[in-house]
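Read off the chains here:
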Amino acid sequence: MHIARIVVAWMALAVCVTAQSQSVDKVLADIRARDQGQLAISEEDGRFLRLMIAAGQRRRVLEIGGASGYSAIWMAQGLRVTGGSMVTIEYDPVRARELAENIRKAGFADIVRVVPGDAFAEIPKLQGTFDFVFLDAWKRDYKKFLDLVYPRLDKGGLFTAHNVVNKKGEMEDFLDAIQRNPALWTAIVSPAGEGISLSYKK
C-alpha cells in the first residue's frame, strides 16, 4: 500500500509538472505572437538566462524593464529550481498590467513580484541585495542603472544586460564601465545576435 501511494503521488506530480510546462509554453508563445514592438528577448536568450539562474543557484533576482513578461517567465523557471524569487519592474502601466497577468497565467505569481513604475524611483524602495540582475530598459540609461544597483549586487553576483551587441552604440559608457571596473569580470555572449553582457562581482 505504501509503495502504491508513492506511485500515485509521483504520477500526480508528473501530471501537474507537465500541465504547468504546457501552460508556460502557451503563455510564452502568446507573448511572442503579440509582441509587435519586438520588446521581448529571443527564445535562445531566454533559455540562456534560465540556465544561468539554475546553474548558478541564483535566488534573489532583479529585472529592470520587464515589458510583457517574456524574459521574467524564462528566469522564473530557473528560480523554481533554486527556490528563489524575483522582482521585475516595468515603467509603462499598460505593459506592467500585461506583465502581471502573464506571470499569473504562467503560474509564477508566488515567486515573481511585479512593480509598476520608474525603476530609478522604485529600486531604492526595495529591500535587501541581489545575486542576479537583468537589465533590459532604455539603453542610454544603462550606466545610470549600473551605478544605482551595483552597491546592492552581492559579492559573487551577476549583473547582466541585454542588447549589448546590436545596440552597443547607445550604451558605450556602460560597456566601458563594466569592462574597466577591476572588481568585475565581464564577458559578452550572443546566443541570438542581440548580445548579453555578464559581469561577475569579485
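Here is what the cut-offs are and how they apply
- Residues numbered from 1 in each chain as written.
- Predicted model: local features only at pLDDT ≥ 70, side-chain atom pairs only at ≥ 80, totals over all residues.
- Heavy atoms only, no water.
- Helix = DSSP H or I, 4+ residues; strand = E, 2+ residues; numbered from the N terminus.
- Buried < 20%, exposed > 50% of the residue type's maximum accessible area, 1.4 Å probe, protein only.
- Areas by Shrake-Rupley, 256 points an atom, 1.4 Å probe, with all protein chains shown as cover.
- Lys, Arg positive; Asp, Glu negative; His and termini not counted.
- Salt bridge = Lys/Arg side-chain N within 4 Å of Asp/Glu carboxyl O.
- Contact = heavy atoms within 4.5 Å.
- Pairing = 2+ DSSP bridges.
- Axes fitted to C-alpha atoms, helices over the stretch in contact; angles between N-to-C directions.
- Phe/Tyr/Trp six-rings, centres within 6.5 Å; stacked < 30°, edge-to-face > 60°.
- Lys NZ or Arg CZ within 6 Å of the ring centre and 35° of its normal.
- Core = buried A, V, L, I, M, F, W, Y, C linked by side-chain atoms within 4.5 Å.
- Right-handed = clockwise from strand over helix to strand, strands pointing away.

Focus on the overall build of the chain
Okay, so step 1: Check the secondary structure of the chain and you find seven helices and seven strands.
Okay, so step 2: Scanning the chain from its N terminus toward the C terminus, one meets helices and strands in the order α-α-β-α-β-α-β-α-β-α-β-α-β-β.
Okay, so step 3: Burial statistics for the chain: of 202 residues in total, 46% are counted as buried.
Okay, so step 4: Carbon together with sulfur atoms contributes 57% to the accessible area of the chain, which is approximately 10,500 Å² in total.

A few points about the side chain of Asp-45
Okay, so step 1: Note on placement: Asp-45 falls in helix α2 (residues 43-55).
Okay, so step 2: An unpaired buried charge is present at Asp-45: no salt bridge exists, and Arg-32, the closest side chain of opposite charge, is 7.9 Å distant.
Okay, so step 3: Once residues lying within four places of it in the same chain are set aside, the contact partners of Asp-45 are His-162, Pro-191, Ala-192, Glu-194 and Ile-196.

Here's the deal with the environment of Pro-151
Okay, so step 1: Examined against the element boundaries, Pro-151 turns out to sit in the loop between α6 (142-149) and β5 (153-162).
Okay, so step 2: When its relative accessible area of 59% is taken as the criterion, Pro-151 is described as exposed.
Okay, so step 3: Residues Pro-151 and Phe-130 lie 21 residues apart in sequence; the distance between their C-alpha atoms is 9.7 Å.

Let's talk about the environment of Glu-194
Okay, so step 1: As for its position among the elements, Glu-194 is in the loop between β6 (184-189) and β7 (196-201).
Okay, so step 2: Given a relative accessible area of 18%, Glu-194 falls into the buried group.
Okay, so step 3: Sequence separation of Glu-194 and Asn-166 is 28 residues, and the distance between their C-alpha atoms is 5.0 Å.
Okay, so step 4: Setting aside anything within four residues of it in sequence, one finds Glu-194 in contact with Ser-42, Asp-45, His-162, Asn-163, Val-164, Val-165 and Asn-166.

Quick look at the sheet that holds strand β1 (residues 60-64)
Okay, so step 1: Taken in spatial order, the seven strands make up an open sheet running β3-β2-β1-β4-β5-β7-β6, and their pairing is mixed. Of all the strands in the sheet, just β3 (112-116) and β6 have a single pairing partner and so form its edges. Direction aside, neighbouring strands of the sheet carry axes that sit 15 degrees apart on average.
Okay, so step 2: Here β1 runs beside strand β4 (residues 130-135); their pairing, made up of four bridges, is parallel.

Topic: the packing of aromatic side chains
Any aromatic ring pair is given by two values, namely how distant the centres are and how the planes are angled relative to each other.
Okay, so step 1: Overall, the coordinates contain five aromatic pairs when judged by the stated rule.
Okay, so step 2: Residues Tyr-142 and Phe-174 carry aromatic rings whose centres are separated by 5.3 Å and whose planes lie at 85 degrees to one another, so their mutual orientation is edge-to-face. Pair noted here: Tyr-142 is in helix α6 and Phe-174 is in helix α7 (residues 172-180), with a separation of 32 residues, a long-range link. Phe-174 shares its class with Tyr-142; the two are buried.
Okay, so step 3: The aromatic ring of Tyr-70 is capped on one face by Arg-32, whose charged end is 4.6 Å from the ring centroid.
Okay, so step 4: For the cation-ring pair, Lys-201 lies above Tyr-150, with the distance from its terminal atom to the ring centre recorded as 4.2 Å.

Some thoughts on the nonpolar core
Okay, so step 1: Ranked by size, the top nonpolar core spans 29 residues in total, and within it Ile-73, Met-75, Met-86, Phe-108 and Phe-132 carry the most contacts.
Okay, so step 2: When residues of this core are traced back to their parent elements, those giving at least two are α1 (2-34), α2, α3 (70-82), α4 (93-106), β4 and β7.
Okay, so step 3: Per-element tally for this core: the top contributor is α3, with seven residues.
Okay, so step 4: Among residues more than four places away in sequence, those in contact with Ile-73 are Val-24, Val-27, Leu-28, Ile-31, Asn-102, Ile-103, Ala-106 and Phe-108.

Thoughts on the pairing of strand β2 (residues 85-90)
Okay, so step 1: A large share of β2 lies buried, amounting to five of its six residues.
Okay, so step 2: Inspection of the sheet shows β1 paired to β2 by five bridges, in the parallel sense. Residue pairing in the sheet places Leu-62 in a bridge with Val-87 of β2.
Okay, so step 3: Traced from β1 through α3 to β2, the parallel crossover comes out right-handed.
Okay, so step 4: Once the chain exits β2 it traverses α4 before rejoining the sheet at β3, and the crossover so formed is right-handed.

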